[in-house]
Number of protein chains: 4
Amino acid sequence: MGDFPGHALPGVFFFIAGLWWSTKSILKYVCKKHKRTCYLGSQALFQRLEILEGIVLVGMTLIGIIGLQFIAGGPHLTIKKESSWSRLLRWHHLNMYFFFGLLGVANILCSTISSLPVSLTKLMMSNAFLVEAFIFYNHTHGREMLDVFVHQILVLVSFLTGLMAFMEFLIRKNVLLELLRSSFVLLQGSWFWQIGFVLFPPGGGPAWNLLDHDNIMFLTVCFCWHYALAYIVIGANYAFITCVELKIQKVLPSLQTHKTG
Amino acid sequence: MGDFPGHALPGVFFFIAGLWWSTKSILKYVCKKHKRTCYLGSQALFQRLEILEGIVLVGMTLIGIIGLQFIAGGPHLTIKKESSWSRLLRWHHLNMYFFFGLLGVANILCSTISSLPVSLTKLMMSNAFLVEAFIFYNHTHGREMLDVFVHQILVLVSFLTGLMAFMEFLIRKNVLLELLRSSFVLLQGSWFWQIGFVLFPPGGGPAWNLLDHDNIMFLTVCFCWHYALAYIVIGANYAFITCVELKIQKVLPSLQTHKTG
Amino acid sequence: MGDFPGHALPGVFFFIAGLWWSTKSILKYVCKKHKRTCYLGSQALFQRLEILEGIVLVGMTLIGIIGLQFIAGGPHLTIKKESSWSRLLRWHHLNMYFFFGLLGVANILCSTISSLPVSLTKLMMSNAFLVEAFIFYNHTHGREMLDVFVHQILVLVSFLTGLMAFMEFLIRKNVLLELLRSSFVLLQGSWFWQIGFVLFPPGGGPAWNLLDHDNIMFLTVCFCWHYALAYIVIGANYAFITCVELKIQKVLPSLQTHKTG
Amino acid sequence: MGDFPGHALPGVFFFIAGLWWSTKSILKYVCKKHKRTCYLGSQALFQRLEILEGIVLVGMTLIGIIGLQFIAGGPHLTIKKESSWSRLLRWHHLNMYFFFGLLGVANILCSTISSLPVSLTKLMMSNAFLVEAFIFYNHTHGREMLDVFVHQILVLVSFLTGLMAFMEFLIRKNVLLELLRSSFVLLQGSWFWQIGFVLFPPGGGPAWNLLDHDNIMFLTVCFCWHYALAYIVIGANYAFITCVELKIQKVLPSLQTHKTG
């Protein structure tokens, strides 16, 4: 992951995941409010979406693991190479992928086997993010100050996401909690881009001074802007879905009249 | 903010905010207990107060941001100046203002759009204080010991305020939790004054020795006095509102008799 | 407080307080189970006990504050003496007493004024212990390793007590939570004695080596024994009260027959 | 405990405990779902199992304590030996055993005395693990970096187990919370084995370099694999019990027909 695309790619994935989770939460909330128009909110559809989500997650995990292992000088499933560990950081990333894969498996299982407790997915989600925080916490030994700082922020965001998912596991059906968690996921996505820009400036720009404390001061502010951006994205998403839902509500009766007519 | 008025001004604002929030909580609590006399407690009035609160918050945020940007050598919206960051601490303060502005926006939205979850304001309040704590935590690099200590106390108070607001978001209608949060806001207000007196003694008094550990010992005690003061203010407020309410309860029947008579 | 009696005295007070609080919790629990025999559990009696508890707390606080101020070279209400702070550690202790005094005031107010929320006492108790933890945390600058360690343990116990009291404030009528908090208070009481024995060995015994890390290792074990002791005390108390209650239950019917006969 | 068997033994115990607790939780959950076939789930049987569990715990504690005291150069109940503490680390382990013994006592008492609150066992379990975390936290002074790291991980796992048990104490009948706690216990068991392999390589293998930071990086990954293993064990256990239960459900009616026929 030691280049710009290596940070931009997970950034894109987390941003899409955040968008998707916020959309799902808002849809469920809106559907529960207006039961009449809720062909979208039918239990069966949401269940199928969960399975799809799980399959996508598992698929991406498999691609990620295979890619990390065999492409571009990966460890090829060997852990030790001549009495020293081989490519430890790759194994770190692989582990994070694996736990997100477990989340996908939990998604599929919970939607197909009815005897499983439904909050299992929330628990596995909390788990995946907390494991990510744990690994990133032990990831940056011996690096420069600024490098450590941007990864510490990542640990903070992962930890908060995991904590919020755990609270969802305990307190069900709180739409704001779900949106808060989604906003943290969005934040993590855009922060990955920020890390890429700071550590590996694309386009041959001048590198950041990794030892200048003013840069930390600035990134503190910058992090808040990313957070505000995540809020704005979720607010816009909410407004958009509510508007569409109102339009559908107006159109629907006439459609139904056509059908029954 | 590097002078006495720069710390006294936010101190006054937080003190007024704390007073106002405690008054609102007590009024709601008293009104719920004595439903009969509650012309004050009518849902509509409280809603209008919320909108007013939101407008005041947004207005103050705008004034603050414009002031910080363009008055007295502000950065004039530029982030970089000759390859180094320009006036980073101003940008720090500006960010805090911004998140309090978001709280104002949430106040207005929640009172006008009925489909929004009502606890959104609590979440945004928690957010604003936690962001403040995060920024102050990264605010004092390279300063003297005492300077760092008084700001760490500020971080503690902000964090506790944010935590209490988050608990209010989860546990609704607990008047003591609201008063506790208000007392922390009052405490923050009076502590800003204390910081002003310590770092920039007004009236040309002798400066504090920023490296003497005895001063930290004393400020620990001092902080507790501020906390006790916040309690006394809220207790007096509670007694005052309850007394007024009792007076009104006695006068009201005769008034109503007049009207109907 | 810099001598053996200065640590033994608060130890005794905390131990008595822990015993009393555990007795109160167990009595309430047993009375609720066997409603018939509960002349002890009458609401009025418990209310009077609360008022008495409050008066005792306020009285002890006043005695403590006056004693600390005017006896044995106290600061006599002066904070500054010749440009340096006078007797700061005394002011630290005085502050802790003050917040326990506030708990007493809350006890009295909640039992006499019915419009106050009943959980105010729990909040003030949580407060008193958390303030104690905060002050002890800033209390031991520049002391020897072992001295700092025993006070850190005190901070831990105070913090846990405050946290448990705060959880009682949120979750009412959980007898085990109350007993857990009482056990922490007992633990704090006996730990004060331990501090006295470590720092000021009575009877002219040899002083402990404050720089030997083995002593920390031993005190870790020792702390667990104190904790086990607190459990045994509370268990014995529970067994004793349950036995007495069973005896009363057997004797009571015959007494009542006498009366009615 | 300073050898390989000294770490393998507690590892086996914790692994068995984790397996047993997860089995119990799953059995209770499955029995509650299918009330008809639940001869296993009869309240009386579970109560007898609790008593058995308690007796086994108390027995193992006694054996452990006596073993530590009198076998292989134990302290023979003496704390001091010639003005220095004798075998402090043994006393550390002894203390941990003692609190697990208390858990056993609580198990027995709660199952035999009906007036005791049922969640006492959860509280004592939380207690035992938190005390273990506290002791291990103060256990590794002056050791090498890797030695400290593997014990810190142990502190983390113990703390999380204690926290989960405390949450179970507050939130009853959440099967996933119970399984999460069981998975942490399993994790602790397998991690003890890992510690044994790292610090005392059996079979005369080459010792790990205790000062190489790469080893910490690798053990971070390794810890996650242990965690994944714990998940897989619990998942397999769940699948196995559900399958057996389904088989029994099919066989049972015919058996009952035989009996009644």
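Residues numbered from 1 in each chain as written. Chains lettered and ligands numbered in written order. Predicted model: local features only at pLDDT ≥ 70, side-chain atom pairs only at ≥ 80, totals over all residues. Heavy atoms only, no water.

The name that an unreviewed UniProt entry assigns to chain A is Transmembrane protein 45A, with the source organism given as Sciurus vulgaris. As stated in UniProt under Sequence similarities (unreviewed entry), the record for chain A gives "Belongs to the TMEM45 family." What the UniProt record of chain A gives under Subcellular location (unreviewed entry) is the line "Membrane". (UniProt positions renumbered as here; feature names shortened; annotations may be inferred.)

(A) Local environment of the overall build of chain A. Check the secondary structure of chain A and you find seven helices and two strands. In sequence order, the secondary structure elements of chain A are arranged as α-α-β-β-α-α-α-α-α. For chain A, buried positions account for 54% of its 261 residues. A sequence separation of at least 24 residues applies to 72% of the contacts in chain A between residues at least 6 apart. Accessible surface for chain A amounts to roughly 12,200 Å². Of this, 71% is attributable to carbon and sulfur atoms. (Helix = DSSP H or I, 4+ residues; strand = E, 2+ residues; numbered from the N terminus. Buried < 20%, exposed > 50% of the residue type's maximum accessible area, 1.4 Å probe, protein only. Contact = heavy atoms within 4.5 Å. Areas by Shrake-Rupley, 256 points an atom, 1.4 Å probe, with all protein chains shown as cover.)

(B) Examining the interface of chain C and chain B more closely. Across the boundary between the two partners, chain C contributes 29 residues, which contact 28 residues of chain B. Both faces considered, chain C and chain B share a buried interface measuring about 2,400 Å² in area, 77% of it formed by carbon and sulfur atoms. Taken together, the connections running from chain C to chain B amount to zero salt bridges. On inspection of chain C and its partner chain B, the count reaches five residue pairs in polar contact (both at pLDDT 80 or more). Elements with a minimum of two residues in the side of chain C that touches chain B: α3 (88–112), α4 (120–137) and α5 (145–170) of chain C. In terms of residues, the side of chain C that touches chain B owes the most to one element, α3(C), which gives eight residues. (Buried area = accessible area lost by both parts, 1.4 Å probe. Salt bridge = Lys/Arg side-chain N within 4 Å of Asp/Glu carboxyl O. Polar contact = N/O pair within 3.5 Å; in protein donor to acceptor, adjacent residues only side chain to side chain.)

(C) Summary view of the packing of helix α5 (residues 145–170) of chain B against helix α6 (residues 175–199) of chain B. Residue and element names in this part refer to chain B. The N-to-C vectors of α5 and α6 enclose an angle of 165°; their axes lie 9 Å apart at closest approach. On the basis of their axis angle, the class for α5 and α6 is roughly antiparallel. Taken as a pair, α5 and α6 cross one another with a handedness that is left-handed. Looking at side-chain class alone, the contact of α5 with α6 contains 19 nonpolar, four polar and four charged residues. (Axes fitted to C-alpha atoms, helices over the stretch in contact; angles between N-to-C directions. Parallel < 35°, antiparallel > 145°, perpendicular 65-115°, else oblique. Left-handed = near helix turned anticlockwise from the far one by under 90°. Nonpolar A, V, L, I, M, F, W, Y, C, P; charged D, E, K, R; others polar.)

(D) The interface of chain C and chain D, seen in detail. Contacts between the two partners involve 28 residues from chain C, matched on the other side by 29 residues from chain D. Of the roughly 2,400 Å² buried between chain C and chain D on both sides combined, carbon and sulfur atoms contribute 77%. Linking chain C with chain D are zero salt bridges, by the criterion used here. At the level of elements, α1 (4–33), α5, α6 (175–199) and α7 (213–260) of chain C are the ones that each hand at least two residues to the side of chain C that touches chain D. Considering every element that reaches the side of chain C that touches chain D, the biggest residue donor is α7(C), with 14 residues. A class-by-class count of the residues in the side of chain C that touches chain D yields 22 nonpolar, four polar and two charged.

(E) Molecular detail of the side chain of A:N237. Within the element layout of this structure, A:N237 appears in helix α7 (residues 213–260). With sequence-adjacent residues up to four places away left out, A:N237 is seen in contact with A:L19, A:S22, A:T23 and A:I26.

(F) Representation of the UniProt feature "transmembrane region" (unreviewed entry) in chain A. Mapped onto this numbering, the UniProt entry annotates "transmembrane region" (unreviewed entry) at residues 51–74, 94–113, 149–171, 183–204 and 216–240 of chain A. For residues 216–240 of chain A, helix accounts for 100% and strand for 0%, while the C-alpha atoms at its two ends are 36 Å apart.

(G) Here's a closer look at the pattern of salt bridges. All chains considered together, the criterion is met by 20 salt bridges over all chains. The residue A:E50 makes a salt bridge to A:K24 at a minimum N-O spacing of 2.8 Å. Here A:K24 lies in helix α1 (residues 4–33) and A:E50 lies in helix α2 (residues 43–70), a separation of 26 residues in the sequence. A residue is classified by how much of its surface remains accessible, and A:K24, at 12% relative accessible area, is buried. The salt bridge partner of C:E168 is C:K122, with a shortest N-O separation of 2.7 Å. Here C:E168 is found in helix α5, whereas its partner C:K122 is found in helix α4, with 46 residues between them in sequence.

(H) Here's a closer look at the relation of the copies chain C and chain B. For these two chains of identical sequence, chain C goes onto chain B by a turn of 90° and a shift of 0.0 Å along the axis, with RMSD 0.0 Å. The relationship between the two copies is best expressed as a four-fold rotation axis. Across chain C, the rotation axis passes nearest the C-alpha of C:I171, at a separation of 7.9 Å. (Least-squares fit on C-alpha atoms with pLDDT ≥ 70 in both.)

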